[in-house]
Amino acid sequence: MPEEKRQLPLWQESLLLVATALVLALIVKTFFFQAFYIPSDSMVPTMVKDDKLLVEKWSYWSGGPERGDIVVFRDPGNWLGPDVDASSNGVQRALEVVGLFPSGGHLIKRVIGVGGDRIVCCDAQGRTTVNGEPIDEPYLADQEINADQTFDVKVPKGYLWVQGDNRGNSADSRAHLGEPGGGFIPDDDVVGKAWLRVWPLNRFGLIKDSNAFDEVP
């Protein structure tokens, strides 16, 4: 008679299932998507504080972020400051590591310029220009506030210029012009592209791309 296959004890099967689930979660987090939450009002009205979203990574497998993308990125140099909220307990931190709990310690902004772009604020109508093309940005919280801070920058290759949609309440690239790095963030610091809002349920849905930059040369 063939020898019967020996069954693992229940506790060993449970450990194996948990380990398999964690490995799969790490693979998904590394290559496909990751959960984040919105820590501030800098992206109003597109996103509001405490929105929970999924960030997808496949768009950047073969290329970098494009103008108009809303990206989540690692803090490039103390942009968050000392008062950023941290996970309240060890369980949440452990779940963040494997992508099972929305992560903090990151920023979310809209890409305004990529490497090689010249970005100027602003034209006579208060619009930002990219490579000489004025950009109509219907997603802004207040178009008039956009012109409150003027600048003229050239984005280095391999870097991005990012701004919040709530231009009057966003410590973005403009706020770090005089610091090391000049307000630019490395392409490599980008974790992924905002894809799906999962909470609150009344705002559930895909995060649409903007065509505001389609005419930029």
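Remember, predicted model here, so these are calculated numbers, not experimental data.

**Section: the overall build of the protein**
No. 1: Per the secondary structure count, the protein includes two helices and 12 strands.
No. 2: Traced from its N-terminal end to its C-terminal end, the protein shows the element sequence α-β-β-β-α-β-β-β-β-β-β-β-β-β.
No. 3: Within the span of the protein, comprising 217 residues, buried residues form 40% of the whole.
No. 4: Counting only contacts in the protein whose residues sit at least 6 apart along the sequence, the fraction spanning at least 24 positions is 70%.
No. 5: Put simply, the protein shows about 12300 Å² of open surface, and 56% of that area lies on carbon and sulfur atoms.

**Focus: unusual backbone geometry**
No. 1: With an omega of 5°, the peptide bond running from V44 to P45 counts as cis.
No. 2: Across the junction of C121 and C122, the peptide omega takes the value 5°, indicating a cis bond.
No. 3: The phi angle at N78 is positive, at roughly 60°, despite the residue not being glycine.
No. 4: Residue placement: N78 occurs in the loop between β3 (70-74) and α2 (90-97).
No. 5: Although it is not a glycine, N131 sits at a positive phi angle of roughly 55°.
No. 6: Here N131 is to be found in the loop between β6 (128-130) and β7 (133-134).

**A word on the packing of aromatic side chains**
Each aromatic ring pair is described using two quantities: the centre-to-centre distance and the angle formed by the ring planes.
No. 1: In this structure the tally under the stated criterion is four aromatic pairs.
No. 2: Each ring, one from F151 and one from W161, has its centre 5.1 Å from the other, and the planes form 35°; the classification is tilted. Here F151, found in strand β8 (residues 151-154), pairs with W161, found in strand β9 (residues 159-163); they are 10 residues apart in sequence, far enough to count as distant.
No. 3: Judged by relative accessible area, F151 falls into the buried class, the value being 7%.
No. 4: Chaining the aromatic ring pairs together yields one cluster made of F151, W161 and F184.
No. 5: Positioned over the ring face of Y139 is R110, at 3.6 Å from the centre of the ring.

**A few points about the pairing of strand β2 (residues 52-56)**
No. 1: Of all five residues in β2, four are buried, a share of seventy percent or more.
No. 2: Across five bridges, the pairing between strand β1 (residues 33-37) and β2 is antiparallel. The residue of β2 that forms the bridge with A35 is L54.
No. 3: Bridging between β2 and strand β11 (residues 190-199) involves five bridges; their strand directions are antiparallel. Bridged to E56 within β11 is K193.

Definitions and limits used
- Residues numbered from 1 in each chain as written.
- Predicted model: local features only at pLDDT ≥ 70, side-chain atom pairs only at ≥ 80, totals over all residues.
- Heavy atoms only, no water.
- Helix = DSSP H or I, 4+ residues; strand = E, 2+ residues; numbered from the N terminus.
- Buried < 20%, exposed > 50% of the residue type's maximum accessible area, 1.4 Å probe, protein only.
- Contact = heavy atoms within 4.5 Å.
- Areas by Shrake-Rupley, 256 points an atom, 1.4 Å probe, with all protein chains shown as cover.
- Phe/Tyr/Trp six-rings, centres within 6.5 Å; stacked < 30°, edge-to-face > 60°.
- Lys NZ or Arg CZ within 6 Å of the ring centre and 35° of its normal.
- Pairing = 2+ DSSP bridges.

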